[in-house]
Structure formats: C-alpha cells, structure tokens
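Architecture at a glance
In case you want the letters, here they are:
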There are 2 protein chains.
Amino acid sequence: MPRTREFDRTAVLDKAMHAFWEGGYRATSLDHLLAATGLSKSSLYDTFGGKQALLLECLDAYGRQLFAGPIEPLLRVDAAFDDIREVFTRILAHAATPAGRRGCLANTCIGELGGRDAAVSAATGAIVERIESGFAAAVATAQARGEITNPESPAVLARFLFNTLSGLNLAARAGASHERLHDIVRVTLDALAPAPAVAHTE
Amino acid sequence: MPRTREFDRTAVLDKAMHAFWEGGYRATSLDHLLAATGLSKSSLYDTFGGKQALLLECLDAYGRQLFAGPIEPLLRVDAAFDDIREVFTRILAHAATPAGRRGCLANTCIGELGGRDAAVSAATGAIVERIESGFAAAVATAQARGEITNPESPAVLARFLFNTLSGLNLAARAGASHERLHDIVRVTLDALAPAPAVAHTE
DNA sequence: TCGATATTGGACTGACCAGTCCGAAATCAG
DNA sequence: CTGATTTCGGACTGGTCAGTCCAATATCGA
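Residues numbered from 1 in each chain as written. Chains lettered and ligands numbered in written order. Predicted model: local features only at pLDDT ≥ 70, side-chain atom pairs only at ≥ 80, totals over all residues.

**Structural notes on the overall build of chain A**
- Within chain A one finds 9 helices and 0 strands.
- Taken from the N to the C terminus, the helices and strands of chain A come in the order α-α-α-α-α-α-α-α-α.
- If one aligns the C-alpha atoms of chain A with their principal axes, the spans along those axes are about 80 × 35 × 30 Å.
- Across the 202 residues in chain A, those meeting the buried criterion constitute 44%.
- Within chain A, residue pairs in contact and separated by at least 24 positions form 65% of the contacts whose partners lie at least 6 positions apart. (Helix = DSSP H or I, 4+ residues; strand = E, 2+ residues; numbered from the N terminus. Buried ≥ 20, exposed ≤ 12 C-beta atoms within 10 Å, placed from the backbone. Contact = placed C-beta atoms within 7 Å.)

Here it is in structure tokens:
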C-alpha cells in the first residue's frame, strides 16, 4: 500500500558517515548531509530522527567497518603478534590513501565533543573498548608464545597500543608524512619485543 | 590624549585561550568569548581582528605557556632522560586536575580544523615542531650518556614520544583514568631504555 | 576647561543553523 | 480505477552565528 522508499538506508548511512568523518560533527551541517546523501530533509528526519541520532548510527556503522577492515586481524582466533602488526600495517596503508587524512571518526568526535555529549561518549567508548580488548587478547597470546617479551600485563600494553593508534590518527589528520607514521609504528611494535639490547657483555 | 584601554591585553588573551581550550573553535561562540573576557564586541574586534585571528594569538600564547610549564624541562641545557620523564610527570599531574580533562588546545584544533585552515595548521605545526625538537635534543643527550639504549635516531624517538603525548591528551579529553594515563607513560618511557630482557640465558 | 582622539556599548545585518510542517506525489491492495 | 498510506519536496520558523557600524563616553595634552 505505501509508497516505496527511494533510497537504501545502509547506503545513506555510509554516505553520512563519510561526511561526518571528513568534517566532524558541528562543521557538517544538515545541508551538507542532505547533499551527501541525496535525501530530502523530511526523509532524513523521518528515517534517522535528527542530526545527533544520525551521528550515533554513523558511529555504530563506523565501528562495524573498523572490525571488518583494519581491526579485523584482532578478531581471528589465536590472534597474536603478527595480527597486531597487521592491524598497524592496514592503518598505515589506509593513512596513505587520500581519504586517510581524515584520521578516525571516533577520535574526531572525542576531540570535538569529548565528555560533553553522553550518548556520543558512550558510542565512542564502546568502539575504544572493543579495539582495546582485541589488542589485549592478542597481546596475551603473543606473550604466551614468547613473541612479546615486554612483561607488562596485556591490558596495559593494549592501552599503550591503542594510545599509539589515537596519536597516529590525529597525526594523519594533521597531514603527517608516511615516514613519520611508519617511524611511530616501528618504535611502538619494537617496544613490545625489544631486541635483547646487550646480549653478552656487561 | 586617547581614552585609556580598560583591559589588560594579555589577561584577556589568557581568558580567551581557556575558553577555546575548553570548547574548541566552533563551539566557542563570540558571545562565549565576550562573556569569558568581559570585553565588548567592538573592543574584541578592534584589538584582535576577529575570531580566527584571536584563536591564532591564543595558540601562540598556549605554546608559550607550554614551554613555561610542562615542556620547560626540555629547554634546560643538557636536558636528558630525567627531563623527558619530568615532562610526562608534569603532563600527568596536570591531567589529574579538573582542568586536565580539556586535553591539549593544539590537539583539539588539529582534530577540529585539521588541514582545513592553513593559518591554524601553521600555528599548531609550530608548536608540534618545537616540542618535538626539544624531545630530539634530550634523546640525543640521553643516548650519548647511555640512559637511552633504544638505537632509533633522536628524531624518530621524538616522533614516538610526541605521538604518545598526543594520544594522552586525547585520552584525557575522553575522560581516561589516571591509572590508564600512567600505564601508557610507563610503557612509553620503558621503550626508550628497555630492561635488558634476557640477561644471561638463551 | 576644552577639544582631539581612542575606546566602548549595543543595535544592527545578512547568513546559516537544526528542526517542523504540510501539500503533492507515488504506490499498491482491492 | 480508486483510495488508504507512506514518502517526498520545499517553504517556513525561531534561534544563533560572525562581523559591522556608529553614537556615547572617557581620557589627557594644551
């Protein structure tokens, strides 16, 4: 009976996500979102409720995209050091694309709305939590295998790894060179399994 | 002859800086700035030129404040490992204050305007550059003294240290616990001079 | 005291903002 | 073909935005 909807909800969500990703929350006006999605104002409001509600759905979609893309290696059973390394490799590869300059949507939202918007904080916090627990599991496995010799607990090293990731995303948004990003990743991964510094003397 | 100005320019700048620091650029409206500084609109425009120009002066003042406060240890002659550690100690101490939740003004500006505003990028880039070259000098000294055994170049380790700092500031803005921030710093500093992992066997 | 000069308060502008609303158009069961 | 039902286009609202402008005010050398 009803008129059929003229757009694909998930495709629209994806376009809106990229718009927020590029410009952040405030700087991405409804008019921008309408232009990016092709929706009319009433369709957008009927479908998503409003700008903030749309952002929340975009953050959710962003999280799902992360775990289907760069963070996917952490989901493998028995993920270990190679998978941690693979995550950073993928992050670096993405940062090298034109779109890589946008950094991380969640980070941008934290920086812009950090703590002021409870719903957004919850959404970004959920993403952070999932990534970090993935790191922690992989670290634990890698430690058990002796791939990671750093004796700090998996949770602590996961915080450290996630912190490096945050910094990388901000640096990418600032337009950092690939060399710079690579340097940071190299030192970070080295910190997990430092080469036995002084092997035989002293 | 002229009427005397009724406010202290540097005091006003300081208040404006804290307003931007708290809310970022866009979310801090001129009305907020007027309320924070006590100026009238015409005084603000006569004195600073406009909102963006005011932000640029605030970033400059922010940089000066950094080098008089938390980053000061890096300016000492022969700054070395202890001074690097002291910088992080000061950052952690500041993050523990109520105002610490604001993170870093420069980082927030990068996240919000990253790359889109050339003047702001130049201002934040100058701050980054100064901090990083301070780190690099201290790293070089510490390596020469044997305090830092990590063989990466001072420039590379400085990038790594600055990246940790960026992440910390974002985490602070997200409301991270002190324990979390301490963990990250501990692992970071350990990466510079890792304990000789396996001293005698294998 | 007085006038040249600069500061100040606040009204004003035009643009943009998120969000509401309703008539018109499209759909499809009957 | 018809009418109930939903989507869609776009006008509209009230509010806020950065920035302009000018008259009123305060200052201080002369």
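**Here's the deal with the relation of the copies chain A and chain B**
- Screw-axis analysis of chain A against chain B gives a translation of 0.0 Å along the axis, an RMSD of 0.1 Å, and a rotation angle of 180°. In the structure described here, the two chain copies are related by an operation that fits a two-fold rotation axis.
- Taken together, the interface assignments show that 100% of the residues at the interface of chain A recur at the interface of chain B, consistent with an identical surface on both copies. (Least-squares fit on C-alpha atoms with pLDDT ≥ 70 in both.)

**Here's the deal with the interface of chain A and chain B**
- Facing the 37 residues of chain A at the interface are 37 residues of chain B.
- If one sorts the elements of the side of chain A that touches chain B by residue count, helix H8 (residues 154-173) of chain A sits on top with 12 residues.
- Classifying every residue of the side of chain A that touches chain B by side-chain character gives 16 nonpolar, 13 polar and 8 charged. (Nonpolar A, V, L, I, M, F, W, Y, C, P; charged D, E, K, R; others polar.)

**A look at the domain arrangement of chain A**
Residues and elements named next belong to chain A.
- Parsing chain A into structural domains produces domain 1 (7-61) and domain 2 (69-192).
- Each of domain 1 and domain 2 was reduced to a C-alpha centroid, and the two centroids are 26 Å apart.
- Contacts between the two partners involve 12 residues from domain 1, matched on the other side by 12 residues from domain 2.
- If you list the elements that add at least two residues to the side of domain 1 that touches domain 2, you get helix H1 (9-23) and helix H4 (51-68).
- It is H4 that provides the largest number of residues to the side of domain 1 that touches domain 2, a total of 5 residues.
- Residues that form the side of domain 1 that touches domain 2 fall into these classes: 7 nonpolar, 2 polar and 3 charged. (Domains from an automatic or database assignment.)

**Focus: the environment of A:Leu34**
All names here are of chain A.
- With respect to the helices, strands and loops of the structure, Leu34 is situated in helix H2 (residues 30-37).
- A C-alpha to C-alpha distance of 39 Å links Leu34 and Ala158, two positions 124 residues apart in sequence.
- With sequence-adjacent residues up to four places away left out, Leu34 is seen in contact with Leu39, Lys41 and Leu44.

**Let's talk about the environment of B:Ser121**
Residue and element names in this part refer to chain B.
- The topology assignment puts Ser121 in helix H7 (residues 118-145).
- Looking at Ser121, the number of C-beta atoms within 10 Å reads 17, which means it is partly exposed.
- Ser121 sits 15 residues away from Ala106 along the chain, and the two C-alpha atoms are 9.3 Å apart.

**Some points on the UniProt feature "DNA-binding region" (unreviewed entry) in chain A**
- According to UniProt, the "DNA-binding region" (unreviewed entry) feature falls on residues 29-48 of chain A.
- Helix makes up 80% of residues 29-48 of chain A and strand 0%. Its end C-alpha atoms lie 15 Å apart. (UniProt positions renumbered as here; feature names shortened; annotations may be inferred.)

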